[in-house]
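Here's the letter readout for the chains.
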Amino acid sequence: MEYLHFDPSQCDFPKANVPALPPLCRQSLGKPLSGRFDIIRPVDQARQFVRARYALFEAFRLCGVAPGERVLVPAYHCRTMLDPAIRLGAQVTLYSLKEDLSPNIEELERLLINGSQRFTALLVTHFFGFRQPLEPLASLCNHHGITLIEDCAHALFSDSEAHREPSNKTGAKYVMTGYGQVGSFCIASPAKFFPCEDGGLLWSNDESFQRPIKSRTPTLANQTKGWLFAMRSVILNGNAAFAQQLETSVEDPQTTNLSEGDHRSEHSTVPSRAYDPSLEGVGCLASSSWVMRHTDVHRLAEKRRINYATWAQRVSNLPFCKPLQQDIPDDCVPYMFPLVLEQPGLHFYPLKRLGVPIWRWDDMAVSQCKVANLYRLGLLHLPCHQELTEAQMDRMLTALASVLTPSKGRTR
């Protein structure tokens with residue numbers, strides 16, 4: 001496949017002064033008495049892996065993906081969404097998305113009806129925690145004999161009452177249609193939400209696939225390191241290491257002479273460097289599993305929703321940007337805050353040089369999808385996790401405003 005790759009190593013970006021993922025703190029731990037949200041599938045009812053990419057490898061393998069088979073993956077993706085299929089020798093076809101990152105059902109239907117290719121599996125991703133239209137996808141997959149795999153890496157939690165619909169089945173009052181309930185296989189990434197070192201989950205909603213999945217226990221050395229890391233994090237209270245303040249002054253890009261990194265295209269037929277075949281089938285650390293079971297989920301969910309709403313409100317009056325989705329759905333516990341930049345080539349670099357913690361998927365396979373091509377460099381992933389302090393949120397927002405708001409006498 002052909003990939004577009006951005007290498008920032010020559011940009012000399014400073015280390016982000018705010019953690020992109022939640023650190024383990026004393027206040028993270030505990031069990032809430034009650035709350036709207038809960039994890040989609042209890043940890044002990046799913047198979048645990050080191051990362052979600054290895055759970056996805058197992059899902060692809062179990063549904064018959066093998067050399068020469070074809071799979072459908074969203075055109076907007078990180079490389080590790082493709083790596084498991086490539087590792088199995090499959091051919092990946094990228095399907096188009098709409099501006100809100102929902103699948104373009106009409107184009108997907110034309111691809112399946114008019115094409116001569118047969119597909120084994122289709123991966124659908126609940127990007128940033130926003131629920132995708134699963135019912136038409138499931139119907140399409142059933143009609144064409146395709147296994148539907150739900151990627152819940154950005155959507156680990158759900159409101160248990162949000163998607164209960166009347167059931168036509170005798171003796172069943174409701175049928176669940178929310179996150180992780182429709183796909184034949186579902187994968188999730190606890191390490192994106194919980195303050196743990198690793199973690200990936202896999203479960204199946206299809207009885208025909210309910211067979212044991214073997215996994216290997218991590219080495220004793222890695223288990224020990226995991227516990228030591230967790231204890232050290234709790235002792236330091238997590239946030240102490242991130243107490244520095246973000247700079248808020250911005251140099252005029254026209255007067256700086258700094259590298260803009262290495263933009264290039266490359267051809268590859270093997271998984272990316274982020275995929276380690278030796279970790280296939282390895283379970284997550286015992287310390288990570290313990291943290292998952294002892295995190296205050298109610299606090300996690302509510303603080304993420306509050307931080308997302310803060311981002312959305314504060315950026316609403318800023319020029320040159322817009323949230324991917326302004327309002328957060330009632331059933332959503334967001335992974336990150338997605339912000340679309342109108343001029344990423346102008347604004348991304350000063351934001352990074354201010355130490356703003358920005359992630360984006362700029363290492364991506366080439367496709368004909370206009371949305372994926374636009375979002376590859378223009379869609380920023382900004383933290384909204386539960387351990388952000390008000391001061392950290394304010395620093396990030398102040399830095400963003402200083403870059404996007406034109407100064408007196410300066411034109412952008």
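Quick caveat, the model's predicted, so the values are computed rather than measured. (Residues numbered from 1 in each chain as written. Predicted model: local features only at pLDDT ≥ 70, side-chain atom pairs only at ≥ 80, totals over all residues. Heavy atoms only, no water.)

A. Structural context of the nonpolar core. Ranked by size, the top nonpolar core spans 126 residues in total, and within it Y76, L101, L122 and W311 carry the most contacts. With eight residues, helix α1 (residues 52–62) is the largest single contributor of residues to this core. Beyond its immediate stretch of four places on either side in the chain, Y76 contacts M81, L97, L101, F127, W361, M364, A372, Y375, R376, L379 and H381. (Core = buried A, V, L, I, M, F, W, Y, C linked by side-chain atoms within 4.5 Å. Buried < 20%, exposed > 50% of the residue type's maximum accessible area, 1.4 Å probe, protein only. Helix = DSSP H or I, 4+ residues; strand = E, 2+ residues; numbered from the N terminus. Contact = heavy atoms within 4.5 Å.)

B. Here's a closer look at the sheet that holds strand β1 (residues 2–7). Spatial strand order, β13-β1-β16: three strands in an open sheet with antiparallel pairing. Each edge of the open sheet carries a strand with a single partner, namely β13 (262–267) and β16 (364–365). The pairing of β1 with β13 spans six bridges and is antiparallel. Each residue of the ladder has a partner; that of L4, found in β13, is S265. With respect to the sheet, helix α9 (residues 370–378) is in contact with β1, β13 and β16, its orientation differing from that of β1 by roughly 20 degrees. (Pairing = 2+ DSSP bridges. Axes fitted to C-alpha atoms, helices over the stretch in contact; angles between N-to-C directions.)

C. How the structure looks around the side chain of D296. Assignment of secondary structure puts D296 in the loop between α6 (286–293) and α7 (297–315). At a separation of 3.1 Å, a polar atom in the side chain of D296 contacts the main-chain amide nitrogen of R299. (Polar contact = N/O pair within 3.5 Å; in protein donor to acceptor, adjacent residues only side chain to side chain.)

D. Looking closely at the sheet that holds strand β4 (residues 70–74). Reading across the sheet, the seven strands line up as β3-β12-β11-β7-β6-β4-β5 and stay open at both edges, with mixed pairing between neighbours. Two strands lie at the open edges of the sheet, namely β3 (47–49) and β5 (91–95), each paired on one side alone. When the angles between neighbouring strand axes are averaged without regard to direction, this sheet yields 20 degrees. Taken together, the two bridges between β4 and strand β6 (residues 121–125) define a ladder with parallel strand orientation.

E. Region of interest: a nonpolar patch on the surface. Together, W227, L228, M231 and W290 make up an exposed nonpolar region whose accessible area comes to about 400 Å². The element best represented in the nonpolar patch is helix α5 (residues 220–236), accounting for three residues. (Patch = residues over 30% accessible without salt bridge, like charges linked within 9 Å, V, L, I, M, F, W, Y side chains within 5 Å. Areas by Shrake-Rupley, 256 points an atom, 1.4 Å probe, with all protein chains shown as cover. Salt bridge = Lys/Arg side-chain N within 4 Å of Asp/Glu carboxyl O.)

F. Summary view of the side chain of S158. With respect to the helices, strands and loops of the structure, S158 is situated in strand β8 (residues 157–159). Apart from the residues lying within four places of it in its own chain, the contact partners of S158 are R36, F37, D38, I40, Y179 and D331.

G. Empty space enclosed by the protein, seen in detail. Summed over all chains, the structure comprises two cavities of 30 Å³ or more. In this structure, the largest cavity encloses a volume near 60 Å³. What lines the largest cavity is L24, P195, C196, E197, G226, F229, A230, S233, S287, S288 and V291. Those elements that place two or more of their residues in the lining of the largest cavity are α5 and α6. (1 Å grid on protein atoms, 1.4 Å probe; cavity = no way out; pocket = protein on both sides within 12 Å on 5 of 7 lines; lining within 4 Å. Points joined across faces, edges and corners; volume = space filled by probe spheres on them.)

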